[in-house]
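The residues making up each chain are set out below.
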Amino acid sequence: MKGWLQRFMSGRYGFDRFSGFLSVCSLVLVVLGALFSPVLYWLGLILLGYCYFRILSRNIQKRYHENLKYLELEGKVTGWFATKKVRFQQRKQYHYYRCPHCGQQLRVPRGRGKISITCPKCGTQFIKKS
Ligand SMILES: [Zn+2]
């Protein structure tokens, strides 16, 4: 049984992070679709079909690049949430401002009254309450 599967899967792409994401999404869509709308249900099944297509695909190069694109996007999303989390944790110690000239994010300590802030990127000075 195991030998049969190994022979069947040899030369095929297999499972990766993108496939994992697709299978979770398709499961969620199928469950939601069964409860609310047949459109979501069919969308979930199509996504599951695409997931299996990727796993069984022999075009390893193309699937690999799809996975890289997915990982890049996933990194951006998780990075955005990580930044929000850090800011929330530091909200009592620091205030965040944007430079009015170049838009650079600046972090200043709270509770110092009115302070002059110098942007380290472009050198613009502006006055804000910290
Ligand atoms: Zn600036």
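Since the model is a prediction, treat every value here as computed from it, not as a measurement.

**Q** I would appreciate a short explanation of a nonpolar patch on the surface in the present structure.
**A** There is a patch of nonpolar side chains on the surface, built from V24, L27, V28, V31, L32, L35 and F36 and spanning about 710 Å² of accessible area. In this structure, L35 sits in helix α2 (residues 17–35).

**Q** Looking at this structure, how should I read the packing of aromatic side chains?
**A** Under the counting rule described, the total for this entry stands at 6 aromatic pairs. Ring centres of Y41 and W42 lie 6.0 Å apart, and the angle between their planes is 85°; this geometry places the pair in the edge-to-face category. The class for Y41 is partly exposed, based on a relative accessible area of 31%. Their ring planes at 85° and their centres at 5.0 Å tell us that W80 and F81 sit as a pair that is edge-to-face.

**Q** Whenever I open this one, the side chain of R12 confuses me. Can you help?
**A** Within the secondary structure layout, R12 lies in the loop between α1 (2–9) and α2. A polar contact is formed between the side chain of R12 and the backbone oxygen of L56, at a distance of 2.9 Å. Those residues in contact with R12 that lie beyond four places of it in its chain are I55, L56, S57, R58 and I60.

**Q** Please clarify how the coordination of the zinc ion should be interpreted in this entry.
**A** Think of it this way: four donors in a tetrahedron around the metal ideally sit 109.5 degrees apart, and six in an octahedron ideally sit 90 or 180 degrees apart. Note on the zinc ion: its protein donors are C99 (SG), C102 (SG), C119 (SG) and C122 (SG). The metal-donor distances range over 2.3 Å. Angles of 107 to 112° at the metal separate the 4 donor atoms of the zinc ion, which places the site in the tetrahedral class. All donors of the zinc ion come from a single chain, and their spacing in sequence reads C-x2-C-x16-C-x2-C. Residue C119 is classed as buried on the basis of its relative accessible area, which comes to 2%. The exposure class of C122 is partly exposed, given its relative accessible area of 33%.

**Q** Would you mind showing me how to read the nonpolar core here?
**A** The tendency in soluble globular proteins is for nonpolar side chains to be buried as a group. Judged by nonpolar contacts, Y97, C99, L106, V108, I117, C119 and F126 together constitute the single largest core of 7 residues. The residues touching C119, leaving out its near neighbours within four places in the chain, are C99, C102, Q104, L106 and T124. Membership of the second largest hydrophobic core comes to 5 residues, among which are L22, C51, I55 and Y70.

**Q** What am I meant to see in the pattern of salt bridges here?
**A** Charged atoms that come close allow side chains of opposite charge to pair. As enumerated under the stated definition, the model contains 4 salt bridges in all. Its salt-bridge partner being E74, residue R17 comes within 2.5 Å of it at the nearest N-O pair. Here E74 lies in helix α4 (residues 60–89) and R17 lies in helix α2, a separation of 57 residues in the sequence. Taking the shortest distance from any N to any O, the salt bridge between R54 and E66 comes out at 2.7 Å. Placement of the pair is R54 in helix α3 (residues 38–56) and E66 in helix α4, with a sequence separation of 12 residues. When salt bridges that share partners are traced, they join D16, R54, R63 and E66 into one network.

**Q** Honestly, α3 in this entry has me stumped. Any pointers?
**A** Given 3.6 residues per turn, any residue in an α-helix points the same way as the ones three and four places further on. In this model α3 runs 27 Å from its N-terminal to its C-terminal C-alpha over 19 residues, within 8% of the 27 Å that 1.5 Å per residue would give. Where α3 is concerned, the buried positions are G44, C51, R54 and I55. The buried residues of α3 occupy an angular sector of 95° when the element is viewed end-on, so they sit on one face. In α3, the exposed positions that point more than 90 degrees away from the buried face belong to P38, V39, W42 and I46. Those residues of α3 that are buried lie in contact with α1, α2 and α4. Two or three places before V39, at the start of α3, stands the capping residue S37, its side-chain oxygen 3.1 Å from that residue's backbone nitrogen.

Thresholds, definitions, all that
Residues numbered from 1 in each chain as written. Predicted model: local features only at pLDDT ≥ 70, side-chain atom pairs only at ≥ 80, totals over all residues. Heavy atoms only, no water. Patch = residues over 30% accessible without salt bridge, like charges linked within 9 Å, V, L, I, M, F, W, Y side chains within 5 Å. Areas by Shrake-Rupley, 256 points an atom, 1.4 Å probe, with all protein chains shown as cover. Salt bridge = Lys/Arg side-chain N within 4 Å of Asp/Glu carboxyl O. Helix = DSSP H or I, 4+ residues; strand = E, 2+ residues; numbered from the N terminus. Phe/Tyr/Trp six-rings, centres within 6.5 Å; stacked < 30°, edge-to-face > 60°. Buried < 20%, exposed > 50% of the residue type's maximum accessible area, 1.4 Å probe, protein only. Polar contact = N/O pair within 3.5 Å; in protein donor to acceptor, adjacent residues only side chain to side chain. Contact = heavy atoms within 4.5 Å. Donors = N, O, S within 2.8 Å, 3.2 Å for Na, K, Ca; no water. Tetrahedral: all angles 85-135°; square planar, octahedral: opposite > 155°, others 65-115°. Core = buried A, V, L, I, M, F, W, Y, C linked by side-chain atoms within 4.5 Å. Expected span 1.5 Å × (residues − 1). Arc of directions from axis to C-beta.

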